[in-house]
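# Structural description and commentary
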Amino acid sequence: MVFPGVPQVFEHVSDRAEFKRVAHRPGLELYRAHIVAHAFEPHTHEAFGLGAIESGVERFRYAGSDHLAPKDTVVMMNPDELHTGRAETATGWRYRMLYIDPQAIAEITGEHGWWFRDAVAHDALSARKLSHLLEQLWQAEDELSFDSLMFELLTGFRQHACVDKPHAAEARKRFADVLDFMRANLAEVLSLDKLALVAGLSPFHFLRSFKTQYHATPQQMLMALRLFEAKCLLGKGLPPAQVAAATGLTDQSHLNKAFVRRYGVTPARYQQQVRS
């Protein structure tokens, strides 16, 4: 879909990405894209990323490993996991995603503690069904239809989910204060010494332990959190320049470049899509 007045920022003319929200269900965000040349830098949605590959092949790094997701596969990402994304084939890949908060999953399904052991499931029948449901969600004309489809979609993903929390998630609790400190000080200049002090570790002991736990450096995590917060503020209608200042980015130009690298659309385009 082309939006008047919104610049095309991708390197390839076939690259497209679009977000959508619904007012009556907070904590949900729909996304669909066809990516040929763009390479997504490490980012997080702080939500489950659940989707299906409709064509082509995606290569992405997630939880310290590289993954390939070809046509008719299911993709599942846990919250707070930084990941990348790029095309593995010359024609790119086309896919649909749902980004959903854990609280929303619990409310809809009645189950707490969902998580996914595998990032990719090679299940063509499931992938096609889930992709169709994701497409129907975009077209839902009323709240009842949307909610019914959402319940059916999560029921479909349930077969791929676990409900007993993994030990890895429990181990992450020791860095919870560090992540909270980052989120509370996104606009500030944060040093390795400051973050290590919060963790109660020496600077490079902290750096090594953090990298082992998250498969990312503290700087990469901080940038991911800054851009996720920028996405939240844009969704609330704040001007991009104000968002840049509030999230510790140099200026609006810095926000534009960093946002496109992680989410595939400009801040202005994202704001127009989710608030239309």
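Relevant structure appears above.
Report follows, based on the coordinates. (Residues numbered from 1 in each chain as written. Predicted model: local features only at pLDDT ≥ 70, side-chain atom pairs only at ≥ 80, totals over all residues. Heavy atoms only, no water.)

With that out of the way, let us pick up the environment of Leu98. Along the chain, Leu98 turns up in strand S8 (residues 93-100). Put simply, Leu98 and Leu50 are 48 residues apart on the chain and 5.1 Å apart in space, counted from C-alpha to C-alpha. The residues contacting Leu98, other than those within four sequence positions of it, are Leu28, Glu29, Leu30, Phe48, Gly49, Leu50, Leu134, Met150, Leu153 and Leu154. (Helix = DSSP H or I, 4+ residues; strand = E, 2+ residues; numbered from the N terminus. Contact = heavy atoms within 4.5 Å.)

Further remarks concern the side chain of Thr266. Take Thr266: it is sitting in the loop between helix H10 (252-263) and helix H11 (267-274). Overall, Thr266 belongs to the buried group, its relative accessible area being 9%. Here the side chain of Thr266 touches Arg269 through a polar contact of 3.0 Å, landing on its backbone nitrogen. (Buried < 20%, exposed > 50% of the residue type's maximum accessible area, 1.4 Å probe, protein only. Polar contact = N/O pair within 3.5 Å; in protein donor to acceptor, adjacent residues only side chain to side chain.)

Tallied over the entire structure, the rule returns 15 salt bridges. Here Lys231 makes a salt bridge to Glu29, at a shortest N to O gap of 2.7 Å. Note that Lys231 is positioned in helix H8 (residues 218-235) and Glu29 in strand S2 (residues 28-35), a separation of 202 residues in sequence. Since its relative accessible area comes to 3%, Lys231 is described here as buried. Judged by relative accessible area, which is 5%, Glu29 ranks as buried. (Salt bridge = Lys/Arg side-chain N within 4 Å of Asp/Glu carboxyl O.)

In summary, soluble globular proteins display a tendency toward joint burial of nonpolar side chains. Tyr31, Phe60, Tyr95, Leu227, Leu255 and Phe259 are the most contacted members of the largest nonpolar core, which totals 35 residues. If you tally residues by element for this core, the top one is H8, at 6 residues. For Leu227, the contacting residues outside a window of four places in its chain are Leu249, Leu255, Ala258, Phe259, Arg262 and Tyr263. Counting 28 residues, the second-largest nonpolar core is a separate cluster that includes Leu28, Ile105, Leu137 and Met150. (Core = buried A, V, L, I, M, F, W, Y, C linked by side-chain atoms within 4.5 Å.)

Considered as a void within the structure, the second largest pocket measures approximately 360 Å³ in volume. Taken together, 20 residues line the second largest pocket, and the ones lying closest to its centre are Arg21, Gly27, Leu28, Glu29 and Asp101. Looking at the lining of the second largest pocket, the elements with two or more residues in it are S2, S8 and H8. Across the lining of the second largest pocket, the residue classes tally to 10 nonpolar, 3 polar and 7 charged. (1 Å grid on protein atoms, 1.4 Å probe; cavity = no way out; pocket = protein on both sides within 12 Å on 5 of 7 lines; lining within 4 Å. Points joined across faces, edges and corners; volume = space filled by probe spheres on them. Nonpolar A, V, L, I, M, F, W, Y, C, P; charged D, E, K, R; others polar.)

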